Amino acid sequence: MKLEYIDKTNTENIISDALKFNCFDNISMQSCLIYGDNFKALSSLLKSHKGKIDLIYIDPPFNTNQVFGITQNRKNAISRSKNSIIAYSDEMTRVEFLEFIRKRLIILKELLSEEGSIYLHIDTKVGHYIKIIMDEIFGEENFKNDITRVKSNPKNFSRTAYGNEKDVIYFYAKNHKKNIWNEIKQPMEKSDIEKRFPKIDKNGRRYTTIPLHAPGETNGVTGQAWRGMNPPEGRHWRTNPTEFDKLDSLGLIEWSSTGNPRIIKFADEHKGKKIQDIWYFKDPQNPIYPTEKNIDMLKLIVQQSSREGSFVLDCFCGSGTTLLAAEELGRKWIGIDSSEVAISTIKNRKQLKNFQYFTC
């Protein structure tokens, strides 16, 4: 499926144009910050970093037709003061915006490793267009998730429509069968633990029990009798029944008064809940840069979809929070932005060390 619009450039021509740029010859395989147009910078990186980026997170302009600024005494998300300093302008037409994003996504795909992933953070007002463009570039089969991010407290009370407290993150892999996935879990809250592990043993450990059997019939060893018992009709033993003997000898099978065995699972051995696709990561109340994102959200993305030593790239890096998340988690990073305010903000982050700096 493709999104058609006026002046849509042929993909081959975009890549051909990209190969003409060479902003830096001496870039090394370490973290770097680049000031300048991100199409030129990304294009220049093709010579050194093609296929080497494990994770891309981008939070591009949302096509809001606004100018984002900051004031000296308070760095609000949006400042309309006459004395504010322009951080960046977001005033393209819809078609200009879509082509602007598409051109960069085409180059970003070239930079992704075979195990790489891209997360694109966008407003729901234009997200449906972006989703089609990403399907076209990365392939529908490589779509992994759309993540709803709750960004604020309830608002828009005077609006004649429902309030808007969310945006969306589209998550794609370069190859959906190979992408890095570290299965980061979410710790359970006390109420979850009490609900899911309602029993307490003599040592004070919370636990629950689960059946020894699972849905589906088999003709193998998991379908045979164990201690004179057959699995219920339409079900089979979860594992080779000899494993149940081992569990029973360790006191990890609970027998009911009627002789029904169940496997014991302790709360303190639970690895946590699988993270779902609705996230509650609200933006900072006093951002150091317009549209600064929640660092805990970015750390989750970095932990989930990259490894220590991986390259993490953000070509709309703004406040540099993605770069900071990568730095603190032992990843290398590449940040690109065309705003002097953004570059200055990032340079003032003392936690970011040992990086090269380029202009493009």
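Provided above is the structure to which this section pertains.
(A) Geometry of the overall build of the protein. Looking only at helices and strands, the protein features nine helices and 19 strands. In terms of its C-alpha atoms, the protein occupies a principal-axis envelope of roughly 80 × 45 × 45 Å. For the protein, buried positions account for 45% of its 360 residues. Partitioning the contacts of the protein with sequence separation of at least 6, the portion at a separation of at least 24 is 69%. A total accessible area of about 19,000 Å² is found for the protein, and carbon and sulfur atoms account for 48% of it. Of the side-chain charges in the protein, 54 are positive and 46 negative, and the distance between the mean point of each set is 3 Å.

(B) Looking closely at the environment of Leu120. If you trace the backbone, Leu120 turns up in strand 5 (residues 112-122). Here the alpha-carbon distance between Leu120 and Pro60, two residues 60 residues apart in the chain, equals 7.9 Å. When neighbours within four sequence positions are excluded, Leu120 is seen to be in contact with Ile58, Pro60, Ile101, Leu105, Ile130, Met134, Val168, Ile169 and Tyr170.

(C) Main features of the sheet that holds strand 17 (residues 311-314). Strand order in the open sheet formed by nine strands is 16-6-7-5-2-17-18-1-19, with mixed pairing between adjacent strands. Each edge of the sheet is formed by a strand with only one pairing partner; in this case those strands are strand 16 (278-280) and strand 19 (356-359). Each strand of the sheet is rotated relative to its neighbour by a mean of 20 degrees, with strand direction disregarded. In the sheet, strand 6 (residues 143-150) pairs with strand 16 via three bridges, with the strands oriented parallel. Residue pairing for strand 16: Arg149 is matched across the bridge by Trp279. Contacts between helix 3 (residues 94-111) and the sheet are confined to strand 2 (53-58), strand 5 and strand 17, with strand 5 contributing the most and set at about 155 degrees to the helix. The strands touched by helix 4 (residues 124-138) within the sheet are strand 5, strand 6 and strand 7 (166-173), with strand 7 carrying the most contacts at an inclination of about 5 degrees.

(D) Up close: the environment of Leu19. Mapped onto the secondary structure, Leu19 falls in the loop between helix 1 (11-18) and strand 1 (32-35). Spatially, the C-alpha atom of Leu19 lies 7.6 Å from that of Leu46, the residues being 27 residues apart in sequence.

(E) Looking closely at the packing of aromatic side chains. Under the counting rule described, the total for this entry stands at 14 aromatic pairs. For the ring pair Trp226 and Trp237, a centre distance of 6.3 Å and an interplane angle of 80 degrees mean the geometry is edge-to-face. Placement of Trp226 in the loop between strand 11 (213-215) and strand 12 (235-237) and of Trp237 in strand 12 is noted, with a sequence separation of 11 residues between them. For the pair shown, Trp226 and Trp237 are each scored as buried.

(F) Representation of the pairing of strand 14 (residues 261-266). For strand 10 (residues 206-211) and strand 14, the ladder comprises five bridges, and the chain directions are antiparallel. Its bridge partner being in strand 14, Thr209 is matched across the sheet by Ile264. Of the strand pairs in this sheet, strand 13 (residues 253-255) and strand 14 are connected by three bridges, and their pairing is antiparallel. Bridge assignment links Ile253 to a residue of strand 14, and that residue is Ile263. Between strand 13 and strand 14, which pair antiparallel in sequence order, lie five residues; one of them, Gly259, sits at a positive phi of approximately 85 degrees.

(G) Focus on unusual backbone geometry. Backbone geometry places Arg227, a non-glycine residue, at a positive phi of 50 degrees. In this structure, Arg227 sits in the loop between strand 11 and strand 12. Overall, the relative accessible area of 47% leaves Arg227 in the partly exposed class.

(H) Geometry of the nonpolar core. In this structure, Leu45, Leu105, Leu108 and Leu313 are the most contacted members of the largest nonpolar core, which totals 45 residues. For this core, the leading source of residues is helix 3, giving nine residues. Contact partners of Leu313, with chain neighbours within four places excluded, come to Leu42, Leu45, Ile53, Leu55, Ile56, Tyr57, Leu108, Leu111 and Ile334. In terms of nonpolar packing, the next biggest core, distinct from the first, is built from 25 residues, Tyr57, Phe171, Leu324 and Ile343 among them.

(I) Fine view of the pattern of salt bridges. For the structure on display, the rule yields 23 salt bridges. Between Lys273 and Asp192 there is a salt bridge whose closest N-O contact spans 3.1 Å. Highlighted residues: Lys273 in strand 15 (residues 273-274) and Asp192 in helix 5 (residues 190-196), separated in sequence by 81 residues. Overall, the relative accessible area of 24% leaves Lys273 in the partly exposed class. A salt bridge links Asp245 to Arg227; its shortest N-O distance comes to 3.0 Å. Remark: Arg227 occurs in the loop between strand 11 and strand 12 and Asp245 occurs in helix 6 (residues 241-249); sequence separation between them is 18 residues. Here the salt bridges share partners, and the residues they tie into one network are Lys8, Glu99, Arg102 and Glu136.

(J) Spotlight on the sheet that holds strand 13. Reading across from one edge, 9-10-14-13 is the order of the four strands in this open sheet, with antiparallel pairing throughout. Two strands bound the open sheet, and with one partner strand each, they are strand 9 (199-200) and strand 13.

Rules of the game
Along each chain, numbering runs from 1 in the same order as the chain's sequence is written. Owing to the predicted nature of the model, reporting of local features is limited to residues with pLDDT of at least 70; listing and counting of side-chain atom pairs is limited to 80 or more, with chain, interface and lining totals taken over all residues. Here the side-chain values reflect all heavy atoms present in the structure, with hydrogen atoms and water set aside. Helix and strand definitions here come from DSSP, where helices need a minimum of 4 consecutive H or I residues and strands a minimum of 2 consecutive E residues; each element is numbered from the N-terminal end. Relative accessibility decides the category of a residue: with a 1.4 Å probe and only protein chains considered, values under 20% of the type maximum give buried, values over 50% give exposed, and everything between is partly exposed. Working rule for contacts: check all heavy atoms of both residues, and any pair within 4.5 Å makes them a contact. Using the Shrake-Rupley algorithm and a 1.4 Å probe, accessible areas are obtained, with residue cover drawn only from the displayed protein chains. Charge assignment in this entry is limited to Lys and Arg as positive and Asp and Glu as negative, and neither His nor the chain termini are counted. Each charge is placed at NZ for Lys, CZ for Arg, CG for Asp and CD for Glu. Being paired, for any two strands, means DSSP has found at least two bridges between them. Inter-axis angles, ranging from 0 to 180 degrees, are taken between N-to-C directions of lines fitted to C-alpha atoms, where helices are fitted over the stretch in contact. Two rings belonging to Phe, Tyr or Trp (six-membered ring only in the last case) form a pair when the distance between their centres is within 6.5 Å. Interplanar angles under 30 degrees mark stacking, angles over 60 mark edge-to-face geometry, and anything in between is tilted. Put simply, a nonpolar core is a bunch of buried Ala, Val, Leu, Ile, Met, Phe, Trp, Tyr and Cys residues held in one set by side-chain atoms that sit within 4.5 Å of each other. Any carboxyl oxygen of Asp or Glu within 4 Å of a side-chain nitrogen of Lys or Arg constitutes a salt bridge here.

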